[in-house]
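One letter stands for each residue in the lines below.
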Amino acid sequence: MACLAIAAAAAVMTSPIAPFSAAAPGAKLPEGWRSVGLRHVARAEPALVKDSDTTVLQLRAAAAVGSAVWRLDADPAITPILSWRWKVDRVVRDADLALKEGDDYAARVYVTFDVPLAELPFSTRARIVIARVLFGSELPSAALCYVWDNRHPIGTSAWNPYSDRVRMVVLRNGAAHVGEWVGEQRDVAEDFRAAFGGSLPRVSGVAVSVDTDQTGDTVTAWFGDLALGPRR
């Protein structure tokens, strides 16, 4: 369920992604970033903290869900490469991406897309319309969710148990690199085509998140700057 609400928060503002590193530790989120949680669930509040010589975003979840969301309007045919770095203090032991009750992760990075409803089958359009009534009109029509998992092999790709419009992709697995900064780079255009097929829609937002409300676990994640740029 967290995937729907978090994805719903990311949608339309043309701008580069504001860097966390440009802010002072302890300051508010950079302008344009927004803290998002779930109703009736404890929120993991984002905080800007110092790590070595750089300001990064910290999210700590104790049976909680929390995200920082950036809205944008980008053409992935021109800027398809999303890069970032992240770090976690542990994985969520009892999570399982195949189950609703296991839909928790030490860290997630979302990319949302604005697929025109007219391009979707009627049944899919109907489900999205209903979901937008429940979760808000900004709910995107498709999303990729890159996760730091606990059990599935790196490269695993599967539909979220709550929605076949959210494709989960495992980038990190288990305790390897726990406590270390790890850099990532994904071609979101290629990942979208592999997951959804069809024409390539515009990117409507990105979000970073931690999520332990299903398992009741406690985890802390840190995120460095995100950037969306061209292939090189």
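Whatever comes next refers back to the structure up there.
What you are looking at is a predicted structure, and each value in this text was computed from that prediction instead of being measured.

Quick notes on the rules
- Residues numbered from 1 in each chain as written.
- Predicted model: local features only at pLDDT ≥ 70, side-chain atom pairs only at ≥ 80, totals over all residues.
- Heavy atoms only, no water.
- Phe/Tyr/Trp six-rings, centres within 6.5 Å; stacked < 30°, edge-to-face > 60°.
- Helix = DSSP H or I, 4+ residues; strand = E, 2+ residues; numbered from the N terminus.
- Buried < 20%, exposed > 50% of the residue type's maximum accessible area, 1.4 Å probe, protein only.
- Core = buried A, V, L, I, M, F, W, Y, C linked by side-chain atoms within 4.5 Å.
- Polar contact = N/O pair within 3.5 Å; in protein donor to acceptor, adjacent residues only side chain to side chain.
- Contact = heavy atoms within 4.5 Å.
- Salt bridge = Lys/Arg side-chain N within 4 Å of Asp/Glu carboxyl O.

Examining the packing of aromatic side chains
Part 1 of the reasoning: Here the structure, examined in full by the defined rule, presents eight aromatic pairs.
Part 2 of the reasoning: Residues Phe20 and Trp33 carry aromatic rings whose centres are separated by 4.8 Å and whose planes lie at 35° to one another, so their mutual orientation is tilted. Of this pair, Phe20 sits in the loop between helix 1 (2-8) and strand 1 (33-36) while Trp33 sits in strand 1, and the two are 13 residues apart along the sequence.
Part 3 of the reasoning: Residue Phe20 is classed as buried on the basis of its relative accessible area of 0%.
Part 4 of the reasoning: Counting every residue linked through ring pairs, the aromatic cluster contains Trp84, Trp86, Tyr146 and Trp148.

Concerning the nonpolar core
Part 1 of the reasoning: Grouped together as the largest cluster of nonpolar side chains are 46 residues, with contacts concentrated most on Trp33, Trp86, Val206, Phe223 and Leu226.
Part 2 of the reasoning: In terms of residue count, the dominant contributor to this core is strand 6 (residues 105-114) (five residues).
Part 3 of the reasoning: Counting 13 residues, the second-largest nonpolar core is a separate cluster that includes Val69, Val147, Ala158 and Met168.

A short note on unusual backbone geometry
Part 1 of the reasoning: The backbone of Ala63 shows a phi angle near 50°, a positive value even though the residue is not glycine.
Part 2 of the reasoning: You can see Ala63 is positioned in the loop between strand 3 (54-62) and strand 4 (65-74).
Part 3 of the reasoning: By relative accessible area, which is 34% here, Ala63 ends up partly exposed.
Part 4 of the reasoning: Phi is positive for His177, which is not a glycine, with a value near 75°.

Thoughts on the side chain of Asp187
Part 1 of the reasoning: Tracing the chain through its elements places Asp187 in strand 10 (residues 182-187).
Part 2 of the reasoning: When its relative accessible area of 12% is taken as the criterion, Asp187 is described as buried.
Part 3 of the reasoning: Here the side chain of Asp187 touches Arg231 through a polar contact of 2.6 Å, side chain to side chain.
Part 4 of the reasoning: When neighbours within four sequence positions are excluded, Asp187 is seen to be in contact with Pro80, Ile81 and Arg231.

A few points about the pattern of salt bridges
Part 1 of the reasoning: A complete count under the given rule lists ten salt bridges for this structure.
Part 2 of the reasoning: Note that Asp94 is salt-bridged to Arg93, the shortest N-O span being 3.3 Å.
Part 3 of the reasoning: Asp94 sits in the partly exposed class, given a relative accessible area of 45%.
Part 4 of the reasoning: For the salt bridge of Arg108 with Asp211, the shortest nitrogen-to-oxygen distance reads 2.5 Å. Of this pair, Arg108 sits in strand 6 while Asp211 sits in strand 11 (residues 202-211), and the two are 103 residues apart along the sequence. In this structure, Arg108 and Asp211 share a single accessibility class: buried.
Part 5 of the reasoning: Via salt bridges that share partners, Asp103, Arg108 and Asp211 belong to a single interconnected network.

The analysis is restricted to geometry; functional conclusions fall outside its scope.
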